[in-house]
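Residue-level structural notes
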Amino acid sequence: MNSENDQDRLRLVIDAMVKPKEDFLDLDPVDLRFVKRLASRSKENVKVSFLSLMQNLPTPNSQVRLLTLELVHQLFMRSRYFRLLLLQSGLPRFADYVVGYRISRPLPEPEAVAVRLRMRALEVLELWYEDFGHLYRQLHVAYNYLKYTRKAVFPEVRLRNARAEAEQAEREKRAEELFHRKFVTLAHDFDSYREEMRALITEAVRFHLAVVV
């Protein structure tokens with residue numbers, strides 16, 4: 001497959017991946033692997049992918065934007081060149097279309113998907129900021145603008161996960177300590193019971209011998 005065919009296929013597959021689908025808000029895993037594979041072959045393929053996604057982004061449909069966001073996220077996490085393209089030429093526009101922070105430009109219908117789009121967009125931007133904010137000033141600026149100027153409430157996914165893991169570890173520790181205490185108590189009770197049984201057996205033997213004699 002030559003480079004021009006690669007790029008034509010990329011455009012077609014990306015357009016198909018982000019089209020509205022009834023009750024289906026996830027990327028097709030087969031198509032996703034295809035896009036990743038072709039994007040990894042050359043910077044030109046990455047650029048074609050980026051441009052195709054940015055062309056779909058303004059579509060007045062939140063389902064299209066959500067699927068576009070998910071594909072952008074996949075490529076952003078994998079490709080440094082894709083990150084540079086988005087951060088240098090399209091981050092404010094991208095955030096505008098997926099977060100909907102401007103009153104004059106709300107997220108489009110369907111409403112339920114628009115709510116999910118905004119939540120997912122904030123989660124993705126937060127992940128990008130945590131992983132790459134120290135490398136890219138644009139991410140740092142965008143995150144702080146949304147958080148402190150636009151008062152966007154980020155989900156703090158990793159912090160919540162860390163808290164949940166710590167709480168689970170604490171519950172497991174308490175359960176283990178409780179089990180240990182019960183085991184020690186049971187062992188002590190068993191030792192006491194065993195001594196009583198020995199005493200009873202000894203007494204029974206003595207009684208039997210006395211009867212025989």
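Throughout what follows, the structure given in this document is the object of discussion. What you see is a predicted model, and the numbers here were worked out from it, not measured in a lab. (Residues numbered from 1 in each chain as written. Predicted model: local features only at pLDDT ≥ 70, side-chain atom pairs only at ≥ 80, totals over all residues. Heavy atoms only, no water.)

1. A word on the pattern of salt bridges
Worth spelling out the cut-off: Salt bridge criterion: a side-chain nitrogen from Lys or Arg within 4 Å of a carboxyl oxygen from Asp or Glu. Numbering of helices and strands starts at the N terminus; helices are DSSP runs of H or I of at least 4 residues and strands are runs of E of at least 2. Here the term buried applies to any residue with accessible area under 20% of the maximum for its type, exposed to any over 50%, and partly exposed to those in between, with areas from a 1.4 Å probe on protein chains only.
For the structure on display, the rule yields seven salt bridges. Put simply, Arg120 and Glu123 hold a salt bridge, and the shortest N to O gap is 2.9 Å. Residue Arg120 and its partner Glu123 are both found in helix H7 (residues 111-132); the two are separated by three residues, about one turn of the helix. Residue class for Arg120 comes out buried when judged on its relative accessible area of 18%. Within this structure, Glu70, Arg120 and Glu123 form a network of salt bridges that share partners.

2. As for helix H6 (residues 91-99)
This is how the line gets drawn: Whether two residues are in contact is decided by their heavy atoms: any pair within 4.5 Å suffices.
Most of H6 is tucked away: seven of the nine residues are buried. The complete set of buried residues in H6 reads Leu91, Phe94, Ala95, Asp96, Tyr97, Val98 and Val99. Elements that come into contact with the buried residues of H6 comprise helix H3 (43-56), helix H4 (62-78), helix H5 (80-89), H7 and helix H8 (137-149). Gly100 sits one or two residues past H6 and shows a positive phi near 65°.

3. Side note on the packing of H3 against H5
How we decide: Inter-axis angles, ranging from 0 to 180 degrees, are taken between N-to-C directions of lines fitted to C-alpha atoms, where helices are fitted over the stretch in contact. In this scheme, roughly parallel covers angles under 35 degrees and roughly antiparallel covers those over 145, while 65 to 115 is roughly perpendicular and the rest are oblique. Crossing handedness follows the turn of the near helix against the far one: under a right angle anticlockwise gives a left-handed crossing, and clockwise gives a right-handed one. Note that Gly is not counted as nonpolar here; it falls among the polar residues with everything else outside the nonpolar set of Ala, Val, Leu, Ile, Met, Phe, Trp, Tyr, Cys and Pro and the charged set of Asp, Glu, Lys and Arg.
At a minimum axis distance of 9 Å, the contact between H3 and H5 shows a crossing angle of 40°. By the angle between their directions, the pair H3 and H5 is classed as oblique. Judged by the sense of rotation from one axis to the other, the crossing of H3 with H5 is right-handed. For the pair H3 and H5, contact is made by Lys43, Val46, Lys47, Phe50, Leu53 and Met54 and by Tyr81, Phe82, Leu85, Leu86 and Ser89, respectively. When the residues that make up the contact of H3 with H5 are grouped by side-chain class, the tally is eight nonpolar, one polar and two charged.

4. Considerations on the packing of aromatic side chains
Definition in use: Put simply, two rings from Phe, Tyr or Trp (the six-membered ring, in Trp's case) pair if the centres are within 6.5 Å, and we call them stacked under 30 degrees between planes, edge-to-face over 60, tilted for the rest.
On inspection of all chains with the given rule, the structure shows eight aromatic pairs. Their ring planes at 80° and their centres at 5.9 Å tell us that Tyr101 and Tyr145 sit as a pair that is edge-to-face. Of the two residues, Tyr101 sits in the loop between H6 and H7 while Tyr145 sits in helix H8, which places them 44 residues apart along the sequence. On the basis of relative accessibility, which here comes to 12%, the residue Tyr101 falls in the buried class. For Tyr145, a relative accessible area of 31% puts it in the partly exposed group. With a centroid separation of 6.3 Å and 50° between ring planes, the pair formed by Phe132 and Tyr136 is classed as tilted. Overall, the relative accessible area of 11% leaves Phe132 in the buried class. Judged by relative accessible area, which is 9%, Tyr136 ranks as buried. Of the aromatic side chains, those joined through ring pairs into one cluster are Phe76, Phe94, Trp128, Phe132 and Tyr136.

5. Digging into the nonpolar core
The following threshold applies: Residues grouped as a nonpolar core are buried Ala, Val, Leu, Ile, Met, Phe, Trp, Tyr and Cys residues, joined through side-chain atoms within 4.5 Å.
In this structure, Val35, Leu53, Phe94 and Trp128 are the most contacted members of the largest nonpolar core, which totals 54 residues. Breaking this core down by element, the ones donating at least two residues are helix H1 (3-17), helix H2 (29-39), H3, H4, H5, H6, H7 and H8. For this core, the leading source of residues is H7, giving nine residues. Ignoring sequence-local partners within four residues, the contact set of Val35 consists of Leu10, Val13, Ile14, Met17, Leu71 and Leu75.

6. What about the side chain of Asn56?
Quick reminder of the rule: Here a polar contact is recorded for every N or O atom pair within 3.5 Å, except that within protein the pair must consist of a potential hydrogen donor and a potential acceptor, and residues adjacent in sequence are included only if both atoms are side-chain atoms.
Summarising the element assignment, Asn56 is placed in helix H3. Among the polar contacts made by the side chain of Asn56, one reaches the side chain of Asp15 at a distance of 2.9 Å. Beyond its immediate stretch of four places on either side in the chain, Asn56 contacts Ile14, Asp15, Val18, Val64 and Thr68.

7. Comments concerning a nonpolar patch on the surface
Applied cut-off: A patch is a set of surface residues, each over 30% in relative accessible area and not in a salt bridge, joined within 9 Å for like charges and within 5 Å for the nonpolar side chains Val, Leu, Ile, Met, Phe, Trp and Tyr. Only the protein chains shown count as covering a residue, and every accessible area follows the Shrake-Rupley method with a 1.4 Å probe.
On the surface, Tyr193, Met197, Leu200 and Ile201 cluster together into a nonpolar patch covering about 420 Å² of accessible area. Here Tyr193 lies in helix H9 (residues 157-212).

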